[in-house]
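Architecture at a glance
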Amino acid sequence: MITFSDVSKRYNNSNAVRSLDFSINEGEFFVLIGPSGCGKTTTLKMMNRLIDPSSGSIMIEQQEIKEYNIHQLRYQIGYVLQQIALFPHMTIEENISIVPELKKWKQADITNRVAELLELVGLDPEKYRKRKPRELSGGQQQRIGVARALAADPKIILMDEPFSALDPITREKLQDDLLELKNSIRKTIVFVTHDIKEALKLGDRVAVMNKGEIVQIGTKDDLLFRP
Ligand code: ADP
Ligand code: ADP
């Protein structure tokens, strides 16, 4: 689904990431883990061209990422951030509808989709549709962030430490719900975290990064029982 071949990214002569060679399979929950500054966000952002590599190539579904129309590419890839990035002056419904609106869906289709997405992330549509983000808790806002990323049915969802600003109980609940959601939506998910417990709980495979390189990659069993 996503293939990195010898990908490096330099900033002012220093490598943020170096010689990345790995593939992410369709439908996989793939976790990038490592300490702060090791290059996780840089790696993630290259998957929707928020950042372009200095060298190497990235393919998405057999096509070089640079050959995609950038808008088409971004529509196919949902993105969820740690910092809650909902627009405060817009209702929940309007926040979730941004990409469908850009794609000029019919209004009735958007309305139905918003209800479906709110159900999917565990929020009552009638209760929350017309609210503003500030009326929701941090955990609920992150659920809206997930709903928004899923809105136009992208093939890939990128998540950059989506739960790390939440209290531990809310965080565990959102992890559990994300696992359930993953089974129902069958998307390719790339998830960045620095929390090993979270990585092992969520990931089908985990890539361990350090100083801009992937130093280990495998399933939970591979990582825990490696001789
Ligand atoms: P992580 O997500 O693992 O915390 P990042 O991908 O954000 O790591 O950063 C990797 C390295 O690249 C860090 O040393 C960071 O300071 C550096 N870096 C990231 N973005 C930039 C930038 N725009 N300009 C210069 N250096 C950057
Ligand atoms: P994170 O690891 O969650 O991305 P950071 O604080 O490392 O958090 O980075 C926040 C943003 O700032 C990132 O989008 C990154 O690209 C940018 N950034 C990180 N390090 C630098 C840097 N040294 N110079 C310029 N921009 C940077």
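In what follows, the structure referred to is the one given above.
Now for a look at the structure at hand. Within every chain, residues take consecutive numbers counted from 1 along the sequence as written. Starting at A for chains and at 1 for ligands, labels are handed out in the order in which the entities are written. The predicted nature of this model means local features are confined to residues of pLDDT at least 70 and side-chain atom pairs, given and counted, to a pLDDT of 80 or more, with totals for whole chains, interfaces and linings taken over all residues. Each side-chain value is derived from all of the structure's non-hydrogen atoms; neither hydrogens nor water enter the calculation.

Okay, the site of ligand 1 next. Throughout this document, a residue counts as near a molecule or strand when at least one of its heavy atoms sits within 4 Å of that molecule or strand. Looking at ligand 1, the residues that line it are Y11, A16, P35, S36, G37, C38, G39, K40, T41 and T42. Within the backbone of C38, an N or O atom sits 3.1 Å from an oxygen atom of ligand 1. Contacts to ligand 1 include T41, whose side-chain N or O atom sits 2.7 Å from an oxygen atom. Calculation on ligand 1 without its partners gives an accessible area of 560 Å², and the protein chains cover 55% of this total. A helix here means a DSSP run of H or I that spans at least four residues, while a strand means a run of E at least two residues long, and both kinds are numbered starting from the N terminus. A total of three residues in the shell around ligand 1 trace back to one element, the largest contributor, which is helix 1 (residues 40–45). Taken together, the residues of the shell around ligand 1 break down into four nonpolar, five polar and one charged. Whenever two N or O atoms come within 3.5 Å, that pair is a polar contact, provided that in protein one can donate a hydrogen and the other can accept it, and provided that, for residues adjacent in sequence, both atoms are side-chain atoms. Every accessible area reported is derived by Shrake-Rupley at a probe size of 1.4 Å, with residue values counting cover from the shown protein chains alone. Amino acids are sorted into nonpolar (Ala, Val, Leu, Ile, Met, Phe, Trp, Tyr, Cys and Pro), charged (Asp, Glu, Lys and Arg) and polar (every other residue, Gly among them).

Turning our attention to the nonpolar core. In this description, a nonpolar core means a group of buried Ala, Val, Leu, Ile, Met, Phe, Trp, Tyr and Cys residues linked to one another through side-chain atoms lying within 4.5 Å. Between buried and exposed lies partly exposed: a residue is buried under 20% and exposed over 50% of the maximum accessible area for its type, with that area taken using a 1.4 Å probe on protein chains only. Counting residues in each nonpolar core, the largest one holds 36 residues, and the members touching the most others are I96, I144, M159, L178 and F191. It is helix 7 (residues 138–150) that contributes the most residues to this core, five residues altogether. Contacts are assigned to residue pairs with any non-hydrogen atoms lying within 4.5 Å of each other. Sequence-distant contacts of F191, that is, excluding residues within four places in its chain, are made with F29, F30, V31, L32, M159, P162, F163, L178, E198 and L202. Formed by 27 residues, the second largest nonpolar core is a distinct cluster that contains L20, C38, M46 and L158.

Gaps left between atoms show up when a probe the size of a water molecule is rolled over them. Buried and open spaces are told apart on a 1 Å grid over the protein atoms alone, a cavity being a set of points where a 1.4 Å probe fits but cannot get out and a pocket being an open set with protein on both sides within 12 Å along at least five of seven lines. Residues with an atom within 4 Å of a point are the lining residues. Grid points are joined across faces, edges and corners, and a volume is the space filled by probe spheres set on the points. Tallied over the full model, the rule gives one cavity of 30 Å³ or more. Lining of the largest cavity is provided by I96, S97, P100, W105, I110, R113, V114, L117 and A151. At four residues, helix 5 (residues 107–120) tops the list of elements feeding residues into the lining of the largest cavity. Class assignment of the residues belonging to the lining of the largest cavity gives a composition of seven nonpolar, one polar and one charged.

This part takes up the layout of surface pockets. Each pocket or cavity is described by its volume, and for the largest pocket that value is around 580 Å³. For the lining of the largest pocket, the secondary-structure elements that each account for two or more residues are helix 2 (70–75), strand 6 (77–80), helix 4 (98–102) and helix 7. Taken together, the residues of the lining of the largest pocket break down into 17 nonpolar, six polar and two charged. Counted as a void, the second largest pocket has a volume near 170 Å³. Lining the second largest pocket are G37, C38, G39, K40, T41, T42, Y79, L81, Q82, Q83, D160 and E161. Looking at which element gives the most residues to the lining of the second largest pocket, the answer is helix 1, with three residues. Looking at the lining of the second largest pocket residue by residue, the classes come out as three nonpolar, six polar and three charged.

What is shown is where atoms sit, not what they do.
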